[in-house]
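Summary of the model geometry
Each chain is listed here by its residues.
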Amino acid sequence: MGERLAGRISIITGAGSGIGAASARLFAAQGARVVVNDIDADAAAATVDAIAKSGGDAVAHVADVTNPEAMDALIARTVRDLGRLDVFFANAGGAVPEPTEKVALAEYRRLIALNLDSVFYGTQSALRVMMAQRKGVILMTTSGAGLRAVRHLAVYGMAKAGVISLARSIAADYGRYGIRANAISPGPMATPGFLGWLATVRDGLRRFEAQVPIGRLGTPEDIAHAAVFLASDEASFVNGVTLPVDGGVHAVFASPAVDGAARSD
Ligand SMILES: NC(=O)c1ccc[n+]([C@@H]2O[C@H](COP(=O)([O-])OP(=O)(O)OC[C@H]3O[C@@H](n4cnc5c(N)ncnc54)[C@H](O)[C@@H]3O)[C@@H](O)[C@H]2O)c1
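The rules behind these values
Each chain has its residues counted from 1, following the order in which its sequence is written. Given that the model is predicted, a residue must reach a pLDDT of at least 70 before its local features are reported, and side-chain atom pairs must reach 80 or more before they are shown or counted; all residues, however, enter totals for whole chains, interfaces and linings. Helix and strand definitions follow DSSP, with helices as H or I runs of at least four residues and strands as E runs of at least two, each counted in order from the N terminus. Only the C-alpha atoms count toward the radius of gyration. The rule for a globule is 2.2 Å times the residue count to the power 0.38. Comment: burial labels come from other C-beta atoms within 10 Å of the residue's own C-beta, placed from the backbone, where a count of 20 or more is buried, 12 or fewer is exposed, and between is partly exposed. Any residue whose C-beta atom, as set from the backbone, lies within 6 Å of a molecule or strand is reported as near that molecule or strand. Three categories are distinguished: nonpolar for Ala, Val, Leu, Ile, Met, Phe, Trp, Tyr, Cys and Pro, charged for Asp, Glu, Lys and Arg, and polar for the others, with Gly belonging to the last. We define the nonpolar core as any set of buried residues of the types Ala, Val, Leu, Ile, Met, Phe, Trp, Tyr and Cys, connected via C-beta atoms lying within 7 Å of each other. Once C-beta atoms have been placed from the backbone, residue pairs whose C-beta atoms lie within 7 Å are recorded as contacts. Axis definition: a line fitted to C-alpha atoms, limited for helices to the stretch in contact. Angles are taken between N-to-C directions and run from 0 to 180 degrees. In what follows, roughly perpendicular refers to angles from 65 to 115 degrees, roughly parallel to angles under 35, roughly antiparallel to angles over 145, and oblique to any angle outside these ranges. Helix crossings get a hand from a simple test, with the near helix turned counterclockwise from the far one by less than a right angle marking a left-handed crossing and a clockwise turn marking a right-handed one. A helix is expected to span 1.5 Å multiplied by its residue count minus one. Strand pairing is defined by DSSP finding a minimum of two bridges between the two strands. This arc corresponds to the set of directions leading from the helix axis out to the C-beta atoms.

With respect to the overall build of the chain
The number of helices and strands found in the chain is nine helices and seven strands. The C-alpha radius of gyration computed for the chain amounts to 19 Å, which stays within 12% of the reference 18 Å derived for 265 residues, consistent with globular compactness. Overall, the chain is about 70 × 45 × 40 Å in size when its C-alpha atoms are taken along their principal axes. A total of 265 residues make up the chain; the buried ones form 45% of that total.

Set out below in structure tokens:
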């Protein structure tokens, strides 16, 4: 067990799977007391069990992040039961690609609710507690689709770009209250959500890996390590950034593949 987040009361949303689950495990391994939120009760319980088996401290809280009253209740319960709120990590989200002209209005609204509205609701509720404490860390999971256009992810990209903007605004407005806000931008990650979609794409894994400079998909733990750093005092002067953790995907400008194709004449 490490000490980098010793005693930090932390809420992580969407922590029943993937990036959220790995972050909950790593936060707990660094001494945090973790409130594991998910809409899926079994998934949240599995994360809590895994943490308990490793000697960590976690409780489950089942709630739908798209419901503002449920977010208020999550944060109120945390403060009531655990005394305060040190870290709020708005991580739940997701989408599968769909051509923009085919996105039904109900699906558009669902994607914005899950990937943008939810982050605002939780952040606003957390801010009210953290302002009174004059201390706190807010983390958000954005996406490469929020930094640049990813094919057929227009609505998700709109929402994730909004998350980046929200992190900057919180940093600008609440730094004076001792509150930091930062976003993490994962690249293509080997999580249940992404792998499920990739399985529907012909030769998907090989084609995706070929586009990552490091040559592999990321792991949920790759993101969790960045989240621990940003949540910890090691990042006490890091505020308002979006940290890509994507094997270098964000750094690459599209170009024809010329490796090994130099002319010899
Ligand atoms: N996997 C990737 O390649 C990738 C890339 C970039 C960004 N992201 C982002 O990372 C975050 C986590 O993604 P992941 O791949 O770990 O996903 P995942 O599908 O593996 O896990 C997401 C979890 O969120 C929960 N969830 C879904 N809707 C919810 C709701 N309304 N309320 C509460 N919980 C809910 C799910 O039950 C699930 O346990 C998301 O914001 C996603 O957009 C993922």
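A word on the site of the ligand
In the vicinity of the ligand lie 28 residues, with Gly 14, Gly 18, Gly 93, Thr 191 and Gly 193 positioned nearest. Residue assignment for the shell around the ligand shows that the elements contributing at least two residues are helix H1 (18-29) and helix H7 (192-198). Classifying every residue of the shell around the ligand by side-chain character gives eleven nonpolar, 14 polar and three charged.

With respect to the nonpolar core
When a protein is soluble and globular, its nonpolar side chains tend to lie buried together. Counting 70 residues, the largest nonpolar core has Ala 24, Val 34, Val 36, Leu 139 and Ala 227 as its most contacted members. Sequence-distant contacts of Ala 227, defined by excluding residues within four places in its chain, comprise Ser 23, Phe 89, Leu 139 and Ile 184.

Section: the packing of H1 against helix H2 (residues 41-53)
The geometry of H1 relative to H2 is characterised by a closest axis approach of 10 Å and an angle of 25° between their N-to-C directions. By the angle class used here, H1 and H2 are roughly parallel. Relative to H2, H1 is oriented so that their crossing is right-handed. Note on element contacts: H2 touches H1 through Thr 47, Ala 50 and Ile 51, opposite Ala 21, Ala 24, Arg 25 and Ala 28. Residues of the contact of H1 with H2, tallied by class, amount to five nonpolar, one polar and one charged.

Considering helix H9 (residues 220-231)
With twelve residues, H9 should reach 16 Å at 1.5 Å per residue; the first-to-last C-alpha distance of 16 Å fits that figure. Counting buried residues in H9 gives nine out of twelve residues, a clear majority hidden from the surface. Looking at H9, one finds that the buried residues are Pro 220, Asp 222, Ile 223, Ala 224, Ala 226, Ala 227, Val 228, Leu 230 and Ala 231. The secondary structure elements touched by the buried residues of H9 are strand E1 (9-12), H1, strand E4 (87-90), strand E5 (136-141), strand E6 (179-186) and strand E7 (242-245).

Here's the deal with the pairing of E6
Here E6 lies mainly inside the structure; eight of its eight residues are buried. Of the two faces of E6, the one lined by Ile 179, Ala 181, Ala 183 and Ser 185 and the one lined by Arg 180, Asn 182, Ile 184 and Pro 186 are each fully buried. The pairing of E5 with E6 spans six bridges and is classified as parallel. By the bridge assignment for E6, Thr 141 is matched with Ile 184. In this structure, E6 lies alongside E7, joined through four bridges in parallel fashion. Residue Ile 184 lies in a different strand from E7, and its bridge partner there is Leu 243.

With respect to the environment of Asp 203
Tracing the chain through its elements places Asp 203 in the loop between H7 and helix H8 (204-210). Residue classification places Asp 203 among the exposed positions, given that 9 C-beta atoms sit within 10 Å. Sequence separation between Asp 203 and Glu 98 is 105 residues; the distance between their C-alpha atoms is 18 Å.

Section: helix H3 (residues 68-82)
For H3, which comprises 15 residues, the first-to-last C-alpha distance of 21 Å matches the rise-based estimate of 21 Å (1.5 Å per residue) to within 8%. Buried residues of H3: Met 71, Leu 74, Ile 75 and Thr 78, and no others. Down the axis of H3, the sector holding all buried residues measures 85°, keeping them to one side. What points out from H3, more than 90 degrees from its buried face, is the exposed set Glu 69, Arg 80 and Asp 81. Elements that come into contact with the buried residues of H3 comprise E1, strand E2 (33-38), strand E3 (57-62) and helix H4 (105-133). Downstream of H3 by a residue or two, Gly 83 has a phi angle that is positive, lying close to 100°.

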